[in-house]
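# Observations on the model geometry
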Amino acid sequence: MAVGIESKQEADQASISTEAIHAALVAGQRPKPASGFSACLSFAWRSMLKIKHVPEQLIDVTITPVLFLVMFVYLFGGAVAGSTSDYLQYILPGLLVQSVLFTTVYSGMSLNTDLTKGVVDRFRTLPIWSSAPLVGAAFGDILRYVLAGLVVIVAGLIMGYDAANGVVGILLSIGLVVVFAFGLAWLFTTVGLLMRSPSAVMNTGFMCLFPLIFLSNIFVEPSTLPAALEWFVGVNPISHLVTAVRGLMAGSADGGDISLVFAEAAVLTVIFVPLTTRLYRTRS
Amino acid sequence: MLAIETHGLVKTFGETRAVDGVDLSVERGSIYGVLGPNGAGKTTTIRMLATLLRPDAGSANVLGLDVASDSGEIRRRISMTGQIASVDEELTGRENLRLLGKLLGLGRKGAAGRADELLEGFGLSDAAGKLVKHYSGGMRRRLDIAASIVVTPELLFLDEPTTGLDPRSRNQVWDIVRALVGQGTTVLLCTQYLDEADQLASRIAVIDRGKVIAEGTPAELKSSVGKSVLHVRLSDAATRDEAERVLVQELGTEAIEAADQAAVAVGVPNPDRAAEAVGVLADTGVEIAGFSLGQPSLDEVFLALTGHAASEIDQDGEVM
């Protein structure tokens, strides 16, 4: 297949014969449109194709946590935790969370892109379940979360992270982060339907996430913080997720911590799925 | 049965009455043009008919179905090609068409076959595997129309399909639209170009500030400003009134308001007399910079119908 600008011009010189157009127009039977489930599958497929065609997005959000990992461990590790290897043990589960959660902002960005490019108009005039584009994308994005999580874990393992609970711990950790990310992504799809441009969605998303990421237990022991800050870190859902993931990775998971994460993901989903679908259907 | 029938269709956005009581009736199997400048309410009208917007008042029937209560069934039978090419730039042309084929129920294999057939027919086979963001404007537009006929619709909405295209691409799009109608599809075509409506549409509604201000065949519309128009450019704007008086008298017709201070435009019922009239004008001592005889432009049709230039219309009314 030819690539590049030259071939763009070339291809456009293709002559279009009336016969060829007529051949393409021969009307077949009007098929029964895809069921809600199969429409969702098609949209999930679309979402995965984008990871293939636009890998830059994935690289953007995974390089930052990997840089954080290297920088924090080797620069601050000794000062914060006494040794770089101890700090790596402490920080890796948190950076796994950070990496995946930043990726959820892209769900809002790509929905906004569809909106501004007019693709949403086409989907909304199709005879399919109206929420299928949203639900399908939400499930397709799970692959993105898993890839983002794996990149951080592999980087950590290379640096010498000791996963006490082995592969099972890693997989369960990624699973739990994905559950939370699924809920959080609906917040950003709502934002995606309210903003005027994809970059506005990105700015808003990162502005929401940055304080929550830093004011959590990802980087430091909350007990070392001033009381007010320690209180905030304690109620921050991201801290709850990080605590549960640390437990899963170390093999000392607490059922209560994990249930709390599920509950918080459920609350996000219950609030923002109806908001997103409603805005999607009515946005003019 | 009519393909589209609306009565008193209204859509307001805040203070703006974007569509202000539009009545349309569109025969099946034809191309119906909706002609107007930006902000006239064309896009809002088409979006209501394509079930994307709810009308605030009035009624609209599409293929005999009510847009308010039967939107699901309408969606099974229509397609829309929006003002901005509504294809996914981050997928290839082939993937775009396959996705739609699957959603419309052709199945995996059926969707793949239909995609190849359309790519071939629309001259996009060579670019099938390339991301749409690398397509030219004309290719994107053809893919967009192909996407609208993955399953041939009974009614196709085309919103300014050739805006921004070069003449060659524009002609290709026109050929495709004609072929579609040849297959029995009804097309509602929104355009700001009289030329385009003239080439394609069998009837035209001229829409301005949310209202239909004229309706008829292209010939009927043009005859409302005279069969042809004589444009005379003057060396000196001060001689404009004099020039206008002479031409009106010579041709026994009416002047058409022109935006240009140094130009006169008059309707010409009989083109044979035009050259003679220019001669008489030259004899009076008015210095002529140039002249031409042609079809009335959209601006002139507009001036004749509305008393204001198309370009004077504020853009506030244009709603996505």
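Predicted model, so just to flag it, every value in this text is computed and none were measured. Residue positions within a chain follow its written sequence, with the count starting from 1. Each chain is given a letter, starting from A, and each ligand a number, starting from 1, according to the order in which they appear as written. Thresholds applied to this predicted model are a pLDDT of at least 70 for local features of residues and 80 or more for the giving and counting of side-chain atom pairs; totals over whole chains, interfaces and linings are not thresholded and use all residues. The side-chain numbers reported here are obtained from all heavy atoms of the structure, hydrogens and water having been left aside.

## Comments concerning the overall build of chain B
A count of helical and extended segments in chain B gives 11 helices and 14 strands. Relative accessibility thresholds used throughout: buried, under 20% of the residue-type maximum; exposed, over 50%; partly exposed, between the two (1.4 Å probe, protein chains only). Here chain B holds 320 residues, and 56% of them are scored as buried. By the convention used here, residues are in contact when the closest approach between their heavy atoms is within 4.5 Å. Long-range contacts, defined here as pairs at least 24 residues apart, represent 69% of the contacts in chain B between residues at least 6 apart. Only the protein chains shown count as covering a residue, and every accessible area follows the Shrake-Rupley method with a 1.4 Å probe. Within the structure as shown, chain B displays about 12,400 Å² of accessible surface, and the carbon and sulfur contribution to it stands at 46%. Of the side-chain charges in chain B, 32 are positive and 47 negative, and the distance between the mean point of each set is 10 Å. Numbering of helices and strands runs from the N terminus, with a helix taken as a DSSP run of H or I at least four residues long and a strand as a DSSP run of E at least two residues long. We treat Lys and Arg as the positive residues and Asp and Glu as the negative residues; His and chain ends play no part in the count. Where a charge sits is defined by one atom per residue type, namely NZ (Lys), CZ (Arg), CG (Asp) or CD (Glu).

## Quick notes on a nonpolar patch on the surface
Patch membership requires over 30% relative accessible area and the absence of a salt bridge. Like charges are linked within 9 Å, and nonpolar side chains (Val, Leu, Ile, Met, Phe, Trp, Tyr) within 5 Å. Salt bridge, as used here: a side-chain nitrogen of Lys or Arg that lies within 4 Å of a carboxyl oxygen of Asp or Glu. Residues Met71, Leu75, Phe76 and Val80 of chain A make up a contiguous nonpolar surface patch of roughly 360 Å² in combined accessible area. Under the relative-accessibility criterion, Met71 of chain A is labelled partly exposed at 39%.

## Section: unusual backbone geometry
Positive phi is not limited to glycine here, since Thr51 of chain B has a value of about 70°. Judged by relative accessible area, Thr51 of chain B falls into the buried class, the value being 10%.

## Description of the sheet that holds strand S6 (residues 78-81) of chain B
Residue and element names in this part refer to chain B. What the six strands build is an open sheet, ordered S6-S7-S8-S3-S9-S10; its pairing is mixed. In this open sheet, the two edge strands, each paired with only one partner strand, are S6 and strand S10 (211-216). Averaged over all adjacent pairs, the angle separating strand axes in this sheet is 15°, with direction ignored. In the sheet, S6 pairs with strand S7 (residues 155-159) via four bridges, with the strands oriented parallel. Bridged to Ile78 within S7 is Leu155. Whether two strands pair depends on DSSP finding at least two bridges between them. Convention adopted: a line fitted to C-alpha atoms gives each axis, helices being fitted over their contacting stretch, and angles between N-to-C directions are expressed from 0 to 180 degrees.

## Focus on the interface of chain B and chain A
In this complex, chain B contributes 60 residues to the contact, which on the side of chain A involves 47 residues. By convention, the term buried area covers the 1.4 Å-probe accessible surface removed from two parts as they join, with the contributions of both added. Both faces combined, the contact of chain B with chain A buries some 5,000 Å², and carbon together with sulfur accounts for 58% of it. Counting the surface chain B buries against chain A, the share from its top three residues, Arg76, Glu90 and Leu103 of chain B, is 14%. On inspection of chain B and its partner chain A, the count reaches six salt bridges. In this structure, Lys117 of chain A engages Glu89 of chain B in a salt bridge whose closest nitrogen and oxygen atoms are separated by 3.3 Å.

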